Amino acid sequence: MQIRTKIAIQFTLIVALILALFSIAIYLLSANYRQKEFYNSLRDRALTTARLLIKEPQIDRQLLKVIDRNTLTTLYPAQVLVFNDSNQVAYYNYEADTVYYSPELLNRIRENRYVETAFSDKEVVGTMYQDTLSQNFVVLAQAEDVYGKQKLENIKDTMIVGYLGAVLLTILSGFFFAGSSLKPISEINEEISRITASDLRRKLDTGNNKDELATLAVNFNKMLSRLDQSFELQKSFVSNASHELRTPLAAVKSEIQVALQKERTPEEYKNVLKSLLSDNQRLIQLTNGLLQLAKSENNKEDVLTENVRIDEILFKIQEDTMHSQPKFQVNIDYEDIPEDINWVTVFAKQTLIQTVFGNLIDNACKYSDNHRADVRIKANKDNCIVSVSDTGIGIPHDEIENVFQPFYRTKNATQYKGSGIGLSICHRIVKMLDGKISVKSEVGKGSMFIVVLPHV
Ligand code: ADP
């Protein structure tokens, strides 16, 4: 069902319910008011007629009836009976057998002095009357409020017609208002359907910039920009990755072609194979890096798996690095390590933490002439802080922002081997662990990478 129809139906149902309650309340109040008014006039009639009957016993009852009909237009002939102490009809203006009464009712009137009740279509009022000789009588008057009931019926009819008319109007206006309030949504819908994946720069009209729809359009535009940005990133990532893979592959191809051009000595073949092995090594490293980058994009739950001691990981990296690259020197300053080991323990995946610090230490050694990395561990009540510094080539000030982008390499680092993806992997991993990575650097003096990770 369309939202427009839904809103119109809901609106109609609510208004119809309110109107129905309102109409019923008015009807019930009018009915109550009519009855009260009728009882009052009936009591007045009872006393007036009783006074006439008791004071003037010789009064002609036919005459009374005629007076009744002609003087009290709102009251149809009230039948009045006057009873003495022994429940006998002492006076009457109508024949007693056409009037409803019972000894219980008479006793109740004597007890309560005044009773209002109803019988069949008629309303009945009973009251006490004392004549000049202090004799007590029960006066009973009953009549049907034909005029009042007719008025009530008219009110009911008017209300039913008014109610149906109002509901009809509500349905029509409901459809109209729902349509006009949803019009901007339909327009946004149309605009959205015109936007395609290749056309993400297109923006929605934000209208008056004030209402909820404008906020929706603004947020949608922001989402489009983010999508556009990540599409662009994706595109440049793919082209950079293929470029990085193609270079060593092309080198391998040309090396093989050159080697095959003529007969070579076994020594020459050996050299070619060595070179191929090194290129192959580079390719493996690169694909591993790309794989890790792709993995670090995955679910956050995948990276939060175990308690990892950062000091132990650093110690292991120190050992491994110095073993595989004897030129490299890794110094770890444990002086500021807190006593509580929880302060250097993070909840993460061990291999990812290893990747982060392995890359930073490797870079520090690689980009400095003395091939030395100085590592320092500190902690405060929330975070474990590790800094990796060197006294190497440094990073030019205007490039510092870019080093965490995939495949970015600074101009002064081109003569060093590298693919430019290590730091982007570090950045993504640290971000996934809700930490921060930053760098301070000066060309010719050295760099310091600082990693802040929340500890357990
Ligand atoms: P790679 O080292 O393989 O090129 P990274 O992503 O690790 O890739 O680093 C990106 C770039 O940042 C490097 O190419 C280099 O220009 C710069 N860089 C990283 N670490 C350092 C460092 N310790 N000193 C100077 N420059 C660095």
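Everything numeric in this text was worked out from a predicted model, so none of it was measured.

Caption draft 1: Structural detail: the overall build of the chain. Along its length, the chain carries ten helices and twelve strands. In terms of overall dimensions, the chain has a C-alpha envelope of 160 × 55 × 40 Å along the principal axes. Residue pairs in contact within the chain that sit at least 24 positions apart in sequence constitute 63% of those at least 6 positions apart. In the chain, 53 positive and 56 negative side-chain charges are present, and the distance between their average locations comes to 4 Å.

Caption draft 2: Highlighting the nonpolar core. Membership of the largest hydrophobic core comes to 43 residues, with the highest contact counts inside it found for L314, I353, F357, L360, I361 and L453. Per-element accounting of this core gives the leading share, eight residues, to helix 9 (residues 350-366). Dropping the residues within four chain positions of it, F357 is found in contact with I310, L314, I317, V386, V451 and L453. Counting residues in hydrophobic clusters, the runner-up holds 17 residues, among them L53, V80, V82 and Y91.

Caption draft 3: Structural view of helix 10 (residues 422-432). Of all eleven residues making up helix 10, eight are buried, and the element is well covered by its neighbours. Downstream of helix 10 by a residue or two, D434 has a phi angle that is positive, lying close to 60°.

Caption draft 4: Expanded view of the environment of V272. One can find V272 in helix 6 (residues 266-295). In this structure the C-alpha to C-alpha distance between V272 and S447, which are 175 residues apart in sequence, comes to 37 Å. Among residues more than four places away in sequence, those in contact with V272 are E255 and A259.

Caption draft 5: Examining the sheet that holds strand 5 (residues 136-143) more closely. Pairing in this open sheet of five strands is antiparallel, and the strands run 2-1-5-4-3 from one edge to the other. The sheet is open, and its two borders are formed by strand 2 (89-92) and strand 3 (114-119), each paired with just one other strand. With strand direction ignored, the average angle separating the axes of adjacent strands in the sheet is 20°. Taken together, the six bridges between strand 3 and strand 4 (residues 122-130) define a ladder with antiparallel strand orientation. Within the sheet, the bridge partner assigned to T117 lies in strand 4 and is V124. Docked against the sheet, helix 1 (residues 3-55) engages strand 1 (79-83), strand 2, strand 3, strand 4 and strand 5, running at close to 45° with respect to strand 4. Sheet strands in contact with helix 3 (residues 103-112) are strand 1, strand 3, strand 4 and strand 5, and its direction is about 150° off that of strand 3.

Caption draft 6: Representation of the site of the ligand within the structure. Every one of the 21 residues lining the ligand counts as a neighbour, but N363, Y367, R409, T410 and L423 are closest to it. S419 places a main-chain nitrogen or oxygen 2.9 Å from an oxygen atom of the ligand. For the ligand, the protein covers 97% of the area, taking 520 Å² as the surface of the free molecule. When contributions to the shell around the ligand are tallied by element, the ones reaching two or more residues are helix 9, helix 10 and strand 12 (446-454). Considering each element in turn, the shell around the ligand owes the most residues, three residues, to helix 9. Grouping the constituent residues of the shell around the ligand by class yields ten nonpolar, eight polar and three charged.

Caption draft 7: Here's a closer look at the sheet that holds strand 12. Pairing within the open sheet is mixed, and its five strands lie in the order 7-9-10-12-11. In this open sheet, the two strands that pair with only one neighbour each are strand 7 (329-333) and strand 11 (436-442). The sheet shows a mean angle of 15° between the axes of neighbouring strands, taken without regard to direction. When strand 11 meets strand 12, the two strands line up antiparallel, connected through seven bridges. Within the sheet, the bridge partner assigned to K440 lies in strand 12 and is M448. The strands touched by helix 8 (residues 310-324) within the sheet are strand 7, strand 9 (372-379), strand 10 (383-389) and strand 12, with strand 7 carrying the most contacts at an inclination of about 160°.

Caption draft 8: Highlighting the side chain of T345. Residue position: T345 is located in strand 8 (residues 345-348). In terms of polar contacts, T345 uses its side chain to reach the backbone carbonyl oxygen of I341, at 2.6 Å. Aside from chain neighbours lying at most four places away, what touches T345 is N307, V308, R309, H455 and V456.

Caption draft 9: Structural context of the packing of aromatic side chains. Evaluation of the coordinates by the stated rule reveals six aromatic pairs. Aromatic pair Y100 and F119: ring centres 4.0 Å apart, planes at 15°, arrangement stacked. Residue Y100 is located in the loop between strand 2 and helix 3, and its partner F119 is located in strand 3; the two are separated by 19 residues in the primary sequence. Judged by relative accessible area, which is 27%, Y100 ranks as partly exposed. The exposure class of F119 is partly exposed, given its relative accessible area of 38%. When the ring of F176 is compared with that of F177, the centres are 5.4 Å apart and the planes differ by 70°; the resulting orientation is edge-to-face. The pair formed by F176 and F177 is uniform in burial state, with each residue classed as exposed. Its end group placed over the ring of Y114, R43 keeps NZ or CZ at 5.5 Å from the ring centre.

Caption draft 10: Seen up close, unusual backbone geometry. Phi is positive for R113, close to 70°, though the residue is something other than glycine. By the element assignment, R113 lies in the loop between helix 3 and strand 3. Its identity as a non-glycine residue notwithstanding, S134 has a phi of 60°, on the positive side. Note that S134 resides in the loop between strand 4 and strand 5.

Caption draft 11: Summary view of the packing of helix 1 against helix 4 (residues 146-194). At a minimum axis separation of 8 Å, helix 1 and helix 4 run at an interaxial angle of 160°. With respect to helix 4, the axis of helix 1 lies roughly antiparallel. As helix 1 packs across helix 4, the resulting crossing turns out to be right-handed. When grouped by side-chain class, the residues that make up the contact of helix 1 with helix 4 number 21 nonpolar, nine polar and four charged.

Rules behind the numbers
Residues numbered from 1 in each chain as written. Predicted model: local features only at pLDDT ≥ 70, side-chain atom pairs only at ≥ 80, totals over all residues. Heavy atoms only, no water. Helix = DSSP H or I, 4+ residues; strand = E, 2+ residues; numbered from the N terminus. Contact = heavy atoms within 4.5 Å. Lys, Arg positive; Asp, Glu negative; His and termini not counted. Charge placed at Lys NZ, Arg CZ, Asp CG, Glu CD. Core = buried A, V, L, I, M, F, W, Y, C linked by side-chain atoms within 4.5 Å. Buried < 20%, exposed > 50% of the residue type's maximum accessible area, 1.4 Å probe, protein only. Pairing = 2+ DSSP bridges. Axes fitted to C-alpha atoms, helices over the stretch in contact; angles between N-to-C directions. Near = heavy atom within 4 Å. Polar contact = N/O pair within 3.5 Å; in protein donor to acceptor, adjacent residues only side chain to side chain. Areas by Shrake-Rupley, 256 points an atom, 1.4 Å probe, with all protein chains shown as cover. Nonpolar A, V, L, I, M, F, W, Y, C, P; charged D, E, K, R; others polar. Phe/Tyr/Trp six-rings, centres within 6.5 Å; stacked < 30°, edge-to-face > 60°. Lys NZ or Arg CZ within 6 Å of the ring centre and 35° of its normal. Parallel < 35°, antiparallel > 145°, perpendicular 65-115°, else oblique. Left-handed = near helix turned anticlockwise from the far one by under 90°.

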